[in-house]
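A look at the structure
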Amino acid sequence: SSLRLAARLQREEEAAVRAAAAAGLGAARGELPAWVSFPDVERAEWLNKVLAQAWPFFGQYMEKLLVENVAPAIRASNSHLQTFTFTKVDMGEKPLRVLGVRTHPGAHKQQILLDLNISYVGDVQIDVEVKKFFCKAGVKGMQLHGMLRIILEPLLGDVPIVGALTMFFIRRPTLDINWTGMTNLLDIPGLSSMSDTMIMDTISSYLVLPNRLLVPLVPDLPEAAQLRCPLPRGVVRVHLRAARALRSKDRFMGGLVRGKSDPYAVLRVGTQLVTSRVIDDNLDPVWDEVYEFIVHEVPGQEMEVELFDKDPDQDDLLGRMKLDLGEVLKAGVLEEWFPLQEGGQGRLHLRLEWLSLLSDASKLQQVLERNRTIVAKPDPPSAAILVVYLDRAEELPMKKPGKEPNPVVQVSVQDVTRESKVVYNTSAPVWEDAFRFFLHDPANQDVDIQVKDDPRQSSLGSLSLPLSRLLEAPGLALAQPFQLQRSGPASRLHMKLVLRVLYFDGPESSGPPPTPPGQLDPP
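Residues numbered from 1 in each chain as written. Predicted model: local features only at pLDDT ≥ 70, side-chain atom pairs only at ≥ 80, totals over all residues. Heavy atoms only, no water.

The cut-off we apply is this: UniProt positions are given in the numbering used here, feature names are shortened, and annotations may be inferred rather than shown by experiment.
An unreviewed UniProt entry annotates the chain as Extended synaptotagmin 1 of Hypotaenidia okinawae. Under the UniProt heading Sequence similarities (unreviewed entry), the entry covering the chain gives this text: "Belongs to the extended synaptotagmin family."

**What about the overall build of the chain?**
Our working definition: Under the scheme used here, helices are H or I runs from DSSP no shorter than 4 residues and strands are E runs no shorter than 2 residues, and both carry numbers assigned from the N terminus. The accessible surface values rely on the Shrake-Rupley method and a 1.4 Å probe; as for residues, cover is taken only from the protein chains in view.
A count of helices and strands for the chain gives 9 helices and 25 strands. Accessible surface for the chain amounts to roughly 27,300 Å². Of this, 54% is attributable to carbon and sulfur atoms.

**A few points about the packing of aromatic side chains**
Applied cut-off: Ring pairs are drawn from Phe, Tyr and Trp, using the six-membered ring of Trp, whenever the two centres fall within 6.5 Å, and their geometry is named by plane angle: stacked under 30 degrees, edge-to-face over 60, tilted for the rest. Each residue is assigned to one of three classes by its accessible area relative to the maximum for its type, calculated with a 1.4 Å probe on protein chains only: buried under 20%, partly exposed between the two thresholds, exposed over 50%. Counting as a charge over the ring demands two things of the Lys NZ or Arg CZ atom: a distance within 6 Å of the ring centre and an angle within 35 degrees of the ring normal.
Applying the stated criterion across every chain, the model contains 5 aromatic pairs. Ring geometry for F58 and Y61: centres 6.5 Å apart, planes at 40°, overall tilted. Of the two residues, F58 and Y61 are both situated in helix α3 (residues 45-77); the distance of 3 residues between them amounts to about one turn of the helix. Judged by its relative accessible area of 46%, Y61 is partly exposed. Here a set of aromatic residues connected by ring pairs shows up, and it is made of W55, F58, Y61 and Y120. The side chain of K363 reaches across the aromatic face of Y503, ending 5.3 Å from its centre. Looking at R418, its charged tip hangs above the ring of F437, at a distance of 5.2 Å from the centre.

**Side note on the nonpolar core**
Threshold: Only buried residues count toward a nonpolar core. Its members are Ala, Val, Leu, Ile, Met, Phe, Trp, Tyr and Cys residues joined through side-chain atoms within 4.5 Å. When checking whether two residues touch, look at their non-hydrogen atoms; a contact exists if any pair is within 4.5 Å.
L386, V447, L493 and L497 are the most contacted members of the largest nonpolar core, which has 38 residues in total. Broken down by element, the residue count for this core peaks at 6 residues, all from strand β25 (residues 492-504). When residues no more than four places from it in sequence are discounted, the contact partners of L497 are L386, V387, V388, V447, L465, L470, L476, A477, L478 and F482. Among the nonpolar cores identified, the runner-up in size contains 33 residues, and V98, L148, V162 and I177 belong to it.

**Concerning a negative patch on the surface**
Inclusion rule: Patch members must show over 30% relative accessible area and no salt bridge, and they are joined within 9 Å when carrying like charges or within 5 Å when they are nonpolar side chains of Val, Leu, Ile, Met, Phe, Trp or Tyr. The salt bridge definition used is simple: a Lys or Arg side-chain nitrogen within 4 Å of an Asp or Glu carboxyl oxygen. Counting rule for charge: Lys and Arg are taken as positive, Asp and Glu as negative, and neither His nor the chain ends is counted. Charged side chains are reduced to one point each, which is NZ for Lys, CZ for Arg, CG for Asp and CD for Glu.
Together, E63, D90, E93 and D123 give the surface a local cluster of negative charge. Note that E93 resides in the loop between β1 (84-90) and β2 (97-105).

**Re the sheet that holds strand β15 (residues 316-324)**
Just so we agree on the cut-off: Between any two strands, pairing holds if DSSP finds at least two bridges. For every element, the axis is a line fit to its C-alpha atoms; helices are fit only across the contacting stretch, and the angle between N-to-C directions ranges from 0 to 180 degrees.
A sheet is described by the order of its strands in space; here 4 strands give the open sequence β12-β11-β14-β15, paired in antiparallel fashion. This sheet does not close on itself; its edge strands, each paired only once, are β12 (272-275) and β15. Strand-to-strand twist in this sheet, taken as the mean axis angle between neighbours without regard to direction, amounts to 15°. Bridge analysis of strand β11 (residues 263-269) against strand β14 (residues 302-309) gives 6 bridges, and the strand direction is antiparallel. Paired with R268 across the strands is E304, a residue of β14.

**Describing the sheet that holds strand β19 (residues 407-413)**
Judged by pairing direction, the sheet is antiparallel, and its 4 strands sit side by side in the order β20-β19-β22-β23 without closing on themselves. Bordering the open sheet on either side are β20 (416-419) and β23 (458-466), each of which pairs with just one other strand. Across the sheet, the axes of successive neighbouring strands diverge by a mean angle of 20°, strand direction being ignored.

**Topic: the pattern of salt bridges**
According to the stated counting rule, one finds 20 salt bridges in the structure shown. Of the charged contacts, one joins E327 and K330 as a salt bridge, the two residues approaching to 3.7 Å between their closest N and O atoms. With E327 and K330 both in helix α7 (residues 325-331) and 3 residues apart, the pair spans about one turn of that helix. What emerges from the salt-bridge pattern is a single network uniting R237, R241, E292, E335, R351, E353 and R370.

**Topic: the side chain of E394**
For the record, the criterion: The definition of a polar contact used here is a pair of N or O atoms within 3.5 Å, where within protein one atom must be able to donate a hydrogen and the other to accept one, and adjacent residues in sequence count solely through side-chain atom pairs.
Along the polypeptide, E394 turns up in strand β18 (residues 384-394). Accessibility expressed as a relative area gives 19% for E394, which makes it buried. At 2.8 Å, the side chain of E394 and the side chain of R492 are in polar contact. Excluding residues within four positions of it along the chain, E394 makes contact with S427, A428, A490, S491, R492 and H494.

**Remarks on the pairing of strand β17 (residues 347-358)**
Counting buried positions along β17 yields 9 of 12 residues, so the element is predominantly enclosed. As judged from the 9 bridges shared by strand β8 (residues 234-244) and β17, these two strands associate in the antiparallel manner. By the bridge assignment, R244 is partnered in β17 with R347. By the bridge criterion, 7 bridges tie strand β16 (residues 333-339) to β17 in an arrangement that is antiparallel. Within β17, the residue paired with E336 across the bridge is L350. One ladder, built from 4 bridges, connects β17 with β25; its direction is antiparallel. Bridging across to β25, L357 finds its partner in L502.

**Quick word on unusual backbone geometry**
Along the chain, V159 connects to P160 via a cis peptide bond; the corresponding omega equals 10°. Inspection of the secondary structure assignment puts P160 in the loop between β4 (135-152) and β5 (164-169). Cis peptide bonds are those with omega within 30 degrees of zero, and the linkage from L209 to P210 qualifies with 10°. Along the polypeptide, P210 turns up in the loop between α5 (196-207) and β7 (213-216).

**Quick notes on helix α8 (residues 364-372)**
Note the following rule: Directions from the helix axis toward the C-beta atoms define the arc.
Of all the positions in α8, only L364, V367, L368, R370 and N371 are classed as buried. End-on view of α8: buried residues confined to an arc of 165°, all on one side of the axis. Next to the buried residues of α8 lie β8, β17, α9 (468-472) and β25.

**Points about the environment of F133**
On the secondary structure map, F133 appears in the loop between β3 (112-130) and β4. Considering only alpha carbons, one finds F133 and L81, 52 residues apart in sequence, at a separation of 9.1 Å.

What follows is the structure, encoded as C-alpha cells:
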C-alpha cells in the first residue's frame, strides 16, 4: 500500500507541475520544457543537482585544458600569437542545465542514444592576453541552447559496462557570447579578416555533426577510431523542384505597387550547405536542381530549407521548412508540396530519396545505368561515396636540418579538395581526421593526396590511388601504411579508405505530388 501511495503522490506532483507549466508558470522564455510537450521526454532534476555540485570541478578541468592544450595550439598556429596566454579562466557559478532527456535504442544492440535538451546561461569569464601587441580580450558571459546527443557505445560485458561516450549536437545550437576587447584582438595581423560572427559560426560548426567529441572510458579501446569517425548512415538525394505562391517582398513607388520576388533556396544538413540559382522576378519559381547530402544520424538529423528574395541591400526571408531525415529513411522516397513556415506563405515542391550504402560492387552497374536517366544539375548524380580516414604519418622529410615541418594534408577527388588541420613541429604528425567525397564514376576516378609543409606549402610527399583498386578490395576498403612518393625513404601515410555504393531501393515514381490547395494554383 505504501508503494501505491508513493506512486499516487508522484502522479499528483507530475500533474500539478504540468498544470502550472501549462498555465504559463516557468515559461518566462516563451516556451514550455520539452518534457511538458513530449511524453517520451523525461525531466532530469537529479542530473541538474549532480551538475550543480560538480560544476566547480568542471571549471578546474576547463582551466587545465585551456592552459595546457588550447593555448600552445593557438601560439603555434600564427607567428603573431606566440605570446598568447589565458590570464583568467572562471566557469562561474551558474551550471549548465538539462531541461529534458529522451532515450532511444541505437542502430544496434551495443549502442544506446540519449538526447539531452540543454540550456546554459553562464557567468563564465575567460581573459586572454597577447603581450606582443599589448592586447587584452576575453569572454564575459555566454549562452548555449540546443539538443546534445550522447551515444553510449560499445556496451561491454565488464566494468565500466560502457566503453566510450560520443557527444555532438545534431543541429547547430544557439550560441551567444559576450566578448570583451574583441576589436583589440581583431587588430592583430592575420586576424583582421575575422569577425565575432565568423568566430561564433566556426565554434558552432565544430559542435555539430560530423564533428564528434569522443571520451573513451577504457584504455586502448580498439573501436576508438571507428567511433570517432563512423561511416555515415546514408545519403539523401534532394530534387529541388519548384515553389508556388511565394510572398512578394519587392515594392515600388513608395510601397504602393507590389513587384515580384527574385527567389533562391538555401539547403542545409548539419554543416553541409548549398545554394540554388536565383530565379528573377517570379513568385512561382521552378529550379529543377538536384543536391546530395551525407546523413550521419537518424532519427534526429534534419534538413532545413530557407527561401530568400535576392536584394541589392539585404536578402529577405520568404519562409523556411524543416524535415527529420528519419522520415525519408522510413519512406524510401518522399515527394510533396511542403508548406513554408515562419511568416512565409506558399509551398515548396521537393522529392527526397534515401540512398543506402552498399559494401560490395555488385549493384554498381545498375546504379550507373539509373543515374544516366536522371537529369541533374548543377552536378551529375553520385554513384558512390569515398571516406578517407587519415590517421598519421611517419618519418616525413625535414626541409632544413634540425627544423621539423608543420605537416598538412590535402586530399582531392577531381576538383574537390579537403584539407586537414596543421600539426606543428613534427615529422610524425597525428591527424585522426576523416574526409568524405561523392563519386560519379568510381571505376575511372583517382584520389590524390599531397602532404605539405605549412605555411610555405612546399611538398613533403604525395600519393595517387586509382579507386578501381578499392572496387576490387574486400568490403570495398583498404587500410594500410602507404609509401609516399617524392618523399623520404621511409615516409609513410597511415590511412584507411572506404568506398560505398549508393543504392536507391524505393519506387521510381511516388505518383504525382499532391497539388497545393486551390488558392495556390497559378492564375
